[in-house]
Amino acid sequence: MSQRDAFSAVPAMSETILVNHLLEPPNLISGISRYLFSLLQELERSSRYRYVLATTWSADKLPDALRNSSIEIRTLPYQPKMPVNVVSQIATVSRLMCETGAAVEFNCNPVGCFWGGWPRVITVHDLYMEVIPSFYSRRHRLWWKLLFPLSLRAASGVICVSQSTRDEVQARYPFAKDKLAVVHEAPIIDADESGQPAERRFEAPYALYVGNISPNKNVTVLVEALQLLKAQGLAVPAVYHVGRDPAGLLAEAEQRIGGNLIRKAGVLSDAELVGAYRRATCFINTSLNEGFCLPVVEAQSLGAPVICSDIPVLREVAGGGAMFFAPNDPQALADRISALFADAGLQQRMAQASRDNAARFSWRKAASETEAIFDKVRIRRAQVKIADPTRQIGIVSDR
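Quick caveat: nothing in here was measured; it's all calculated off a predicted structure.

Draft legend 1. Quick look at helix 6 (residues 138-154). The end-to-end C-alpha distance of helix 6, which contains 17 residues, comes to 25 Å, matching closely the 24 Å that a straight helix rising 1.5 Å per residue would cover. The axis of helix 6 is deflected most strongly, by about 25°, at Trp144. Within the span of helix 6, buried status applies to Trp144, Leu147, Phe148, Pro149, Ser151, Leu152 and Ala154. Buried residues in helix 6 make contact with helix 4 (82-100), strand 5 (120-124), helix 5 (128-131), strand 6 (157-160) and helix 7 (163-172).

Take a look at the structure:
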């Protein structure tokens, strides 16, 4: 077989991808699990590869679209401690690669099995462990510093969910430059869903603030902006927080700055969240750092005008469909909130700009780009075998 033949090789249905979902806790929805399930549904629909899902989830807890698909599901025990989980993957994934005859391992996480000579693609959602290290325990940071570089070196391809994330990885790990590729996420909630009113009535007009509160969310600037509106004698709109405040950061900011101007809506179902987005006057994001920020494009896909922090990743993701403010400037945020709530014409223009920008993102597009990465690492491996059929690969794979 010539090198030209290797380049022209195309995947057949007999080619298998082993999907590694072993680091995520069983039957507990997380951002990474939602990402994988949405992507995997589109990958399976294309029929270009056959997929085997190695997961800690029980089959009956997986989304119906996956359970009723052609995907083979292998449920395996969960190891809650990251280092134990990763070490156990060395044996488990090696065995599964042999049993399934998989051509590529696809890991939806940035760390995992780092031993073995097969093509491997990992996914980097963010570098929070390095960008906001104070939010994590010293133990978790140490394990990350050990295991992430090993996984990065062993990978044949690395999916980054935004250009900003790619830039951060390249800046800190320049050896991985040629492996990195950007595949954007897409809205996970269904824009075709009719939407249901939440149990707690939202008092219109209102703004939404969606996501579990962590230090990178910078919620203090929103509390300060609302207090400025109040102090200036301007109308203070109802702002609802959808999600949790596990560390009490929102509560602490409100106690320190004064007032309880942000209303707590708690956790909503997807159908309730669709309804809340559709009826919102705007969606607000105040983050200092994000990997992609899915709520922005979800709000945009449902026509909610967006006000968000002027940081690189949100410029990339929100595009021309948002009003931006400096994330350390509560007066600028207050000005944008006041202007948007006072101008129905601006609301309509921003709602259309939101929809136009959200149209750039789809899981079908993400699946096609992901398959192209699978193709690339397979072809690269075929070339290596042609160049040196005796070559043995250990921890460090093709780079």
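Draft legend 2. Spatial organisation of the pairing of strand 4 (residues 104-107). Side chains Val104 and Phe106 project from strand 4 onto one buried face, and the interleaved Glu105 and Asn107 project onto a second face that is buried too. Bridge analysis of strand 4 against strand 5 gives 2 bridges, and the strand direction is parallel. Across the sheet, Phe106 pairs through a bridge with Val121, a residue of strand 5.

Draft legend 3. Just the sheet that holds strand 8 (residues 206-210), in detail. Sheet architecture is open: 6 strands sit in the order 10-9-8-11-12-13, paired in parallel fashion. At either end of the open sheet lies a strand with only one pairing partner, and these are strand 10 (262-266) and strand 13 (323-325). Here the strands of the sheet are splayed against their neighbours by 25° on average, with no regard to which way each runs. Summarising the sheet, strand 9 (residues 238-242) and strand 10 pair through 4 bridges and their orientation is parallel.

About the cut-offs
- Residues numbered from 1 in each chain as written.
- Predicted model: local features only at pLDDT ≥ 70, side-chain atom pairs only at ≥ 80, totals over all residues.
- Heavy atoms only, no water.
- Helix = DSSP H or I, 4+ residues; strand = E, 2+ residues; numbered from the N terminus.
- Expected span 1.5 Å × (residues − 1).
- Bend = angle between axes of the 7 residues up to and from the residue.
- Buried < 20%, exposed > 50% of the residue type's maximum accessible area, 1.4 Å probe, protein only.
- Contact = heavy atoms within 4.5 Å.
- Pairing = 2+ DSSP bridges.
- Axes fitted to C-alpha atoms, helices over the stretch in contact; angles between N-to-C directions.

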